[in-house]
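# Observations on the model geometry
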Amino acid sequence: MMLRAVFFAPHAENLPYSDFKKLVAQGKVSDLTLTRETITGNLTPKGLEGLLPAEKIAELKRYGDGTHRFVTNRVEDPQLASQ
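Residues numbered from 1 in each chain as written. Predicted model: local features only at pLDDT ≥ 70, side-chain atom pairs only at ≥ 80, totals over all residues. Heavy atoms only, no water.

The subject of this paragraph is the overall build of the chain. Per the secondary structure count, the chain includes three helices and four strands. Taken from the N to the C terminus, the helices and strands of the chain come in the order α-β-α-β-β-α-β. Summarising the internal contacts of the chain: among those between residues at least 6 apart in sequence, 65% fall at separations of at least 24. For the chain, the accessible area works out to roughly 6,000 Å², and carbon and sulfur atoms hold 54% of it. (Helix = DSSP H or I, 4+ residues; strand = E, 2+ residues; numbered from the N terminus. Contact = heavy atoms within 4.5 Å. Areas by Shrake-Rupley, 256 points an atom, 1.4 Å probe, with all protein chains shown as cover.)

Further remarks concern the packing of aromatic side chains. With the rule as written, the count across this model stands at two aromatic pairs. When the ring of tyrosine 17 is compared with that of phenylalanine 20, the centres are 5.7 Å apart and the planes differ by 45 degrees; the resulting orientation is tilted. In this pair, tyrosine 17 and phenylalanine 20 both sit in helix α2 (residues 17-25), three residues apart, roughly one turn of the helix. According to the relative accessible area criterion, tyrosine 17 is buried, its value standing at 14%. (Phe/Tyr/Trp six-rings, centres within 6.5 Å; stacked < 30°, edge-to-face > 60°. Buried < 20%, exposed > 50% of the residue type's maximum accessible area, 1.4 Å probe, protein only.)

So, about the confidence of the model for the chain. For the chain, the mean per-residue pLDDT works out to 82, and 83% of the residues sit at or above 70. For the stretch residues 1-9, pLDDT sits under 50, and the model shows two contacts to residues farther than four places along the chain or on other chains. (pLDDT = per-residue confidence, 0-100.)

This part takes up helix α3 (residues 54-62). Of the residues making up α3, those classed as buried are Lys56, Ile57 and Leu60. Seen along its axis, α3 keeps its buried residues to an arc of 100 degrees; they face one direction. Residues of α3 that are exposed and angled more than 90 degrees away from the buried face: Ala54, Glu55, Lys61 and Arg62. Taken together, the buried residues of α3 touch β1 (12-14), β3 (38-43) and β4 (68-73). Glycine 64 occupies a position one or two residues after α3 and carries a positive phi of about 110 degrees. (Arc of directions from axis to C-beta.)

In this section: unusual backbone geometry. Of note in the backbone geometry, aspartate 31 takes a positive phi value of approximately 50 degrees without being a glycine. With respect to the helices and strands, the residue aspartate 31 is situated in strand β2 (residues 29-34).

On inspection of all chains with the given rule, the structure shows three salt bridges. A salt bridge links aspartate 19 to lysine 22, with the nearest nitrogen and oxygen atoms 3.6 Å apart. With aspartate 19 and lysine 22 both in helix α2 and three residues apart, the pair spans about one turn of that helix. With relative accessibility at 8%, the residue aspartate 19 sits in the buried group. By relative accessible area, which is 40% here, lysine 22 ends up partly exposed. We note a salt bridge from lysine 21 to aspartate 77, for which the minimum N-O separation is 2.7 Å. Note that lysine 21 is positioned in helix α2 and aspartate 77 in the segment after β4, a separation of 56 residues in sequence. Classification of lysine 21 by relative accessible area gives buried; the value is 17%. The class of aspartate 77 is buried, set by a relative accessible area of 17%. (Salt bridge = Lys/Arg side-chain N within 4 Å of Asp/Glu carboxyl O.)

See below:
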């Protein structure tokens, strides 16, 4: 059961906060959950060219075409709520 949890758990892509902000501005994230240290949510896979590095887009494609979970470190950013 332990192996199943490790190998078949949903993958959460680690994103730098700067990439997260770009994705928010373009409406590419949804279902956000904020904790004291992290922000998690869903990432829309289409139209990421120019928003994320090509290597990151290729990595996401390896996990399929559907919505992807992501996590980023939370930064104290008063302007985030206005986006």
